[in-house]
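Architecture at a glance
Residue strings, one per chain:
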Amino acid sequence: MKLYYKAGACSLASHIALREAGVAVELEAVDLVTKKTAGGADFLAVNPKGYIPALVQDDGTVLTEGVAIMLYVAGLAPDKALAPKPGTADYIKLVEWLVFIATELHKLSGAQFSPVITDESKAVTKAILLRRLDYANEALGKGPYLLGETFTIADGYLFTVCSWQPRIGHDLAKWPNLAAHNARVASRPAVQAALKAEGLI
Ligand SMILES: N[C@@H](CCC(=O)N[C@@H](CS)C(=O)NCC(=O)O)C(=O)O
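So, here's what we can say about the structure. (Residues numbered from 1 in each chain as written. Predicted model: local features only at pLDDT ≥ 70, side-chain atom pairs only at ≥ 80, totals over all residues. Heavy atoms only, no water.)

Attention shifts here to the nonpolar core. A general feature of soluble globular proteins is that nonpolar side chains tend to end up buried together. In this structure, Ile101, Leu105, Leu158 and Leu178 are the most contacted members of the largest nonpolar core, which totals 59 residues. Each of domain 1 (2-80 + 190-197) and domain 2 (89-187) accounts for three or more of the residues forming this core. Residues contacting leucine 105, with those up to four places away along its chain left out, are Phe100, Leu129, Arg132, Leu133, Ala136, Leu158 and Val161. (Core = buried A, V, L, I, M, F, W, Y, C linked by side-chain atoms within 4.5 Å. Buried < 20%, exposed > 50% of the residue type's maximum accessible area, 1.4 Å probe, protein only. Domains from an automatic or database assignment. Contact = heavy atoms within 4.5 Å.)

So, in structure tokens, the structure goes:
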């Protein structure tokens, strides 16, 4: 399998899921401005949506959208319990977290990096983001993970979006539960391996 990624971007969550699942993966970086892959290919031919992550399966099938990729990867390694059994109340809770992280934390944080969004708009979305982070901090509580005792794909995703916060002027120390979660997830061997492979540590 091949994961198209950008170091430290949202694709890190898919990368963490793959490492946690123990799935062998080849990585290829993408320049998100030129839409060229590190190998010089046209990334738009892989994902016409032009964004990462994109996962190319061994049979050539291309899967996009981080949440879909993470759920797919969790399904490849049921023994790793990266997602609860589909249809259970815990599974729905997982989906609730994944959607919240994707549509609230990920997108509101991503807007802060945009070169085209005005400072005025950024200030508005930042205020909403701060409220969402307050909520995540409260709902997570002591955890240790979002669903309780067991690490799931949502934890790798929360870790990824929280790792961006200092770069947009948010000290994670403001949210002690998120800060503790971030450190806890960072210490996992699979996460260390993903960070190392992306050149982040
Ligand atoms: N809906 C997509 C969004 C992915 C996304 O926002 N990717 C960003 C990096 S974190 C990106 O590639 N942006 C470049 C672009 O949109 O042109 C998902 O959840 O996977």
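The discussion continues.
This part is about empty space enclosed by the protein. Taken as a whole and assessed by the stated rule, the structure comprises 1 cavity of 30 Å³ or more. In this structure, the largest cavity is lined by Ala13, Ile16, Ala17, Glu20, Leu82, Phe151, Ile153 and Gly156. Breaking the lining of the largest cavity down by element, the ones donating at least two residues are α1 (11-21) and α5 (153-164). No other element matches the 4 residues that α1 contributes to the lining of the largest cavity. Looking at the lining of the largest cavity, its residues break down into 6 nonpolar, 1 polar and 1 charged. In this structure, the lining of the largest cavity is formed jointly by two domains, domain 1 (2-80 + 190-197) and domain 2 (89-187), each of which donates at least three residues. (1 Å grid on protein atoms, 1.4 Å probe; cavity = no way out; pocket = protein on both sides within 12 Å on 5 of 7 lines; lining within 4 Å. Points joined across faces, edges and corners; volume = space filled by probe spheres on them. Helix = DSSP H or I, 4+ residues; strand = E, 2+ residues; numbered from the N terminus. Nonpolar A, V, L, I, M, F, W, Y, C, P; charged D, E, K, R; others polar.)

Time to look at the site of the ligand. Residues in close proximity to the ligand include Cys10, Leu32, Lys35, Gly50, Tyr51, Ile52, Pro53, Glu65, Gly66, His106 and Lys107, which together make up its full environment. Within the backbone of glycine 66, one N or O atom sits 2.8 Å away from an oxygen atom of the ligand. The separation between an oxygen atom of the ligand and a polar side-chain atom of lysine 107 is 2.9 Å. Coverage of the ligand by the protein amounts to 74% of the 510 Å² it exposes when considered alone. The cavity where the ligand resides is the largest pocket. Residue composition of the shell around the ligand, by class: 5 nonpolar, 3 polar and 3 charged. (Near = heavy atom within 4 Å. Polar contact = N/O pair within 3.5 Å; in protein donor to acceptor, adjacent residues only side chain to side chain. Areas by Shrake-Rupley, 256 points an atom, 1.4 Å probe, with all protein chains shown as cover. Sits in = over half its atoms within 2 Å of the grid points.)

Geometry only, nothing functional implied.
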